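Observations on the model geometry
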Amino acid sequence: MILKQPKITVLMPVYNCELYIREAVDSILNQTFKDFEFLIIDDASSDETVMILKSYCDPRIQLIEKQINTGYTNSLNQGLKLAKGEFIARMDGDDISLPERFAKQVSLLDKNPEVIMCGTSYSIIGENEIFLLPESHQEIKVNLLKGNCIVHPSVMLRNNIIVANNISYDQQTEPAEDYDLWVRLLLLGKLHNLQECLLRYRVHDSQVSSVRNKQQVQVAKNVRLKLLCSLENSILQTHKNIYLKYIDDEEELTFEEFTGLIDLKIKLLNANVNGFFCIDGFNSYWVQMESNFINYYFKNRTSYSILILKQYVSIFSKLNSRLKPKEIIKLFVKTLLNHKVK
């Protein structure tokens, strides 16, 4: 007998989710779009998670019990290999998918074959605010330079892209393995975020993003660097330490390092001439970085000197910027009075 391929494989790794797992599972089983297999991979939970899962009788549920805890990313990769669906829908054991989520994502992907991954907007459980994320591929691409702008448990991916390109999550990039995957996928097709809230995301102290936040931030910086390497890897080898230092909120850039960052910007803008990033968005990204530095280094100082005034003029000259005489006069007065002038 030939078994029918499901339209969707729902991939949900779980670990000690007894408090939330029933809500998560019910939200999937109550989807208006019914053609899916539900692959749940338990990572050797020590609570009642497995017992709760075994209480369900829905034939679409396939529960895999790992005997040894090998981690979230390992479970994800195991699920990618087992997935039979045309699309793979991600889900976590502590979130809630709204009933129309699958129907709307399948509709988008069926109508737009160039889109290989579709996420959604979201809200946080217990709060009313809806978080709208960048919609189009170009918007997403530029925003990935600033941080992760795709909610992992909201996404639906094309399985054929995963198989054809031997795609898997990189365990070395935990706990930002999803961010790393988006950066790799955007080279293979278009990404899209539906502008509807179709996921309710749970925030709690025991989730990975809370427990391993500092590590997540460090990995994310390297992922941003990887995205820029899509433009010109050799350029970044010279300047990457300055770039990584600049995007680290805990480190301050010297004036000399900032001038090096401007050199990097000019080279990357030239490398982007064919529009890998949308020109306006990419330029705005660098303008914002420069603006942040200028505000910190020049405008928020408590003491001034002639050297600072010279650096200010030098920076704006190097930026080819329209230097306003009023700003020069204001900073010159600050150097004379050696205090802030509002």
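Residues numbered from 1 in each chain as written. Predicted model: local features only at pLDDT ≥ 70, side-chain atom pairs only at ≥ 80, totals over all residues. Heavy atoms only, no water.

When you tally the buried positions in strand E2 (residues 36–42), you get seven out of seven residues, the bulk of the element. Neither face of E2 is open: one carries Phe36, Phe38, Ile40 and Asp42, the other Glu37, Leu39 and Ile41, and all of them are buried. Sheet topology note: the strand E1 (residues 8–14)/E2 ladder contains seven bridges and is parallel. When the bridges of E2 are listed, Met12 appears paired with Ile40. Handedness of the crossover joining E1 and E2 through helix H1 (residues 21–29) is recorded here as right-handed. For E2 and strand E3 (residues 61–65), the ladder comprises five bridges, and the chain directions are parallel. Looking across to E3, one finds that Ile40 is bridged to Leu63. (Buried < 20%, exposed > 50% of the residue type's maximum accessible area, 1.4 Å probe, protein only. Helix = DSSP H or I, 4+ residues; strand = E, 2+ residues; numbered from the N terminus. Pairing = 2+ DSSP bridges. Right-handed = clockwise from strand over helix to strand, strands pointing away.)

A few words on the packing of aromatic side chains. Evaluation of the coordinates by the stated rule reveals eight aromatic pairs. Pairing Tyr243 with Trp286 gives two aromatic rings, centres 6.2 Å apart and planes at 50°, and the pair type is tilted. Taken together, the positions of Tyr243 in helix H10 (residues 233–246) and Trp286 in helix H12 (residues 279–299) put the pair 43 residues apart, joining distant regions of the chain. Residue Tyr243 is classed as buried on the basis of its relative accessible area of 0%. By relative accessible area, which is 1% here, Trp286 ends up buried. Here the aromatic rings of Phe276 and Phe277 are separated by 4.9 Å at their centres, their planes lie at 90°, and the arrangement is edge-to-face. Looking at Phe277, the relative accessible area reads 0%, which means it is buried. (Phe/Tyr/Trp six-rings, centres within 6.5 Å; stacked < 30°, edge-to-face > 60°.)

Relative to strand E9 (residues 190–201), strand E5 (residues 96–97) runs antiparallel, the two sharing two bridges. Bridge pairing links Ile96 to Arg200 in E9. Where strand E6 (residues 115–124) and E9 come together, nine bridges link them in parallel fashion. When the sheet's bridge partners are listed, Ser121 is paired in E9 with Cys197.

A few words now on helix H9 (residues 213–229). Here H9 is 17 residues long and its end C-alpha atoms lie 25 Å apart, about the 24 Å a rise of 1.5 Å per residue gives. Among all positions in H9, only Val219, Ala220, Lys221, Val223, Arg224, Leu225, Leu227 and Leu228 are buried. On the buried face of H9, the contacting elements are helix H5 (137–143), helix H7 (177–185), H10, helix H11 (255–271) and H12. (Expected span 1.5 Å × (residues − 1). Contact = heavy atoms within 4.5 Å.)

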